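Report on the structure
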Amino acid sequence: MPETVLTTVPAGWAVLAGIVLCALAFFAAALDSALSARAEGAGRGGWLAPAWSTVRLLRQRRRTVVTADTLLLRVGAAGMLVGSFLMVAVIPLGRWTLADLDVGVVWFNTVDVMVWALVWLAGWGANSVHGLVGGYRFLAHGLAYELPLMFALVAPAIAAGSLRVGDAAGAQDRLWFVVWMPAAFVIFLIGVTGFSVWGPFAAAVGADVAGGVLAELSGVDRLVLQAGRYAFLAAGAAFSVPLFLGGGAGPFLPEWAWVVVKTVVVLAVLVWLRRKLPVFRPDRFLEFGWVVLLPAAVAQDLVVSLVVVWKG
Amino acid sequence: MVAAIVFWGLAVVAVAAGVAVFVVDSMARATYALAVSFIAVGALIILLQQSYLGVITILMMVMEMAVMAVYMVMFMGMNPALMPMDMTHGKKTAIGASAGVFVLLASGALLIPWPERRGVPAEDLTNALGMEIMGEKMLVMAVVGPVMVATIVAGVVLAAGRTRYDRLGDDLRRRPADDPQPGGVGR
């Protein structure tokens, strides 16, 4: 198995990684509002709408609710953005990485589990019925997508024989994992949309509960939580590149450019899919997750294990 | 030097968050104070170069606390979970017991003659630790795992109020099943 040589860059480069992540998150938000504008017949506008709402939210005064638990509310809202930065720390950009963690895949999983706490805290802290309902909806979705996601993460780790993200990328020099682990890839993307509270998993912020977790959030709190959702979507899309899409492999362009290109494509697909799929009802999706997705992920792991054993 | 500062910082966070569990008057705060304490302990384990164990500790504990929050609010009907409350009870006994245990453990840690390190740490510490704990018993563990899962499933089946005959009819042929909570795959 070829060793990928990753260079761990000095911590100062984290600023650049943060800027790239924010740019990707902004791209996702801009693409979404552009698609919205087109769907509503407003023509080609909408690309700059996220910038205007950022400015508006920065100027907006914070509303507060009687006996809101402000500490938990702020932790929940701001934590989403912080979590997405923690997630990209282990994603190699071509040959460079911020942290070449020997358990990078588990690190990714740990950060995505933190979203469980953060969304619930944001819903709870607001001391509002709609917020709490939203928080519980998220946890119900979490119970449905998290275990399939964990087993989907196992597949590339088994094939690479390592929990290091760089090793997973390096083990795909002949065949990308997505080709022979399609089920794991799809379930991984379902998990990414899940922990980003995005598209089919947006019931926690649904309009039918007045915005759910977002119901009482205003100003900067609302901005960081929304930005965190897009940033998580971008981070999850970026993580699929070393895990399933061959990392920086590709002709002509340098490796870092391929990572960015693949990330943008996956991210664009995830954003585009939002209009194609209904919101999954948490109670309905729970059974789907456990009866369909979980066995599919375990079967995928079995296939991968057999191939690895057979190839010796 | 840096490691020592990080160690003491994390240790203080772990203990302070642990104390906070019993000081705060809200169950949500208590739950997540406990989570913060566990996260600090997980980071301490990472500091011992057991990255897998450390990261997995953080993962498990955060998830556990999130699930605990669900049950806490769901089952505490009258609602200490929503109103300010005191997280302690049986104070004198509890304080006495915990102070006694602390003195015992701390004096043990301070007074025991610690052995000198022999040899060098293994290349892959997590693997070495796993071999040390499991060793030749791995096959036993691999067998016990499915048995435990089967026990859990059997326990749930026995405890459930509704049986498969309630769901699928007397001849088990009713489709879709008669579930109080409709599922997502239309069985």
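Residues numbered from 1 in each chain as written. Chains lettered and ligands numbered in written order. Predicted model: local features only at pLDDT ≥ 70, side-chain atom pairs only at ≥ 80, totals over all residues. Heavy atoms only, no water.

Before going further, it helps to spend a moment on unusual backbone geometry. Its identity is not glycine, yet Val197(A) carries a phi of approximately 50°, on the positive side. Within the secondary structure, Val197(A) is located in the loop between α8 (182-195) and α9 (219-244). Assessed through its relative accessible area of 2%, Val197(A) is described here as buried. Although it is not a glycine, Gln49(B) adopts a positive phi angle of roughly 65°. (Helix = DSSP H or I, 4+ residues; strand = E, 2+ residues; numbered from the N terminus. Buried < 20%, exposed > 50% of the residue type's maximum accessible area, 1.4 Å probe, protein only.)

This next bit is on the UniProt feature "transmembrane region" (unreviewed entry) in chain B. All names here are of chain B. UniProt annotation of "transmembrane region" (unreviewed entry) refers to residues 6-24, 31-48, 54-73, 94-114 and 138-160 when read in the numbering used here. The span residues 6-24 is 95% helical and 0% strand by assignment, and the distance between its end C-alpha atoms comes to 26 Å. The annotated region residues 31-48 carries 94% helix and 0% strand content, and the separation between its end C-alpha atoms amounts to 26 Å. (UniProt positions renumbered as here; feature names shortened; annotations may be inferred.)

Along its sequence, chain B is organised into domain 1 (1-86) and domain 2 (132-180). Of note, the centres of domain 1 of chain B and domain 2 of chain B, computed from C-alpha atoms alone, are 31 Å apart. (Domains from an automatic or database assignment.)

Take the interface of chain B and chain A next. In this assembly, 26 residues from chain B lie in contact with 27 residues from chain A. Contact between chain B and chain A buries roughly 2,300 Å² in total, counting both sides, with carbon and sulfur atoms accounting for 77%. Our count for the chain B to chain A interface comes out at one salt bridge. Arg29(B) is the partner of Asp69(A) in a salt bridge, and the nearest nitrogen-oxygen pair spans 2.5 Å. Our enumeration of links across chain B and chain A arrives at three residue pairs in polar contact (both at pLDDT 80 or more). (Contact = heavy atoms within 4.5 Å. Buried area = accessible area lost by both parts, 1.4 Å probe. Salt bridge = Lys/Arg side-chain N within 4 Å of Asp/Glu carboxyl O. Polar contact = N/O pair within 3.5 Å; in protein donor to acceptor, adjacent residues only side chain to side chain.)

With that settled, consider the packing of aromatic side chains. All names here are of chain A. This model, assessed by the stated rule, comprises 19 aromatic pairs over all chains. Judged by centre distance (5.7 Å) and plane angle (45°), the ring pair of Phe 285 and Phe 288 falls under tilted. Of this pair, Phe 285 and Phe 288 both sit in helix α11 (residues 282-311), separated by three residues, roughly a single helical turn. The class of Phe 285 is buried, set by a relative accessible area of 4%. Relative accessible area serves as the criterion here: at 29%, Phe 288 is assigned to the partly exposed category. (Phe/Tyr/Trp six-rings, centres within 6.5 Å; stacked < 30°, edge-to-face > 60°.)

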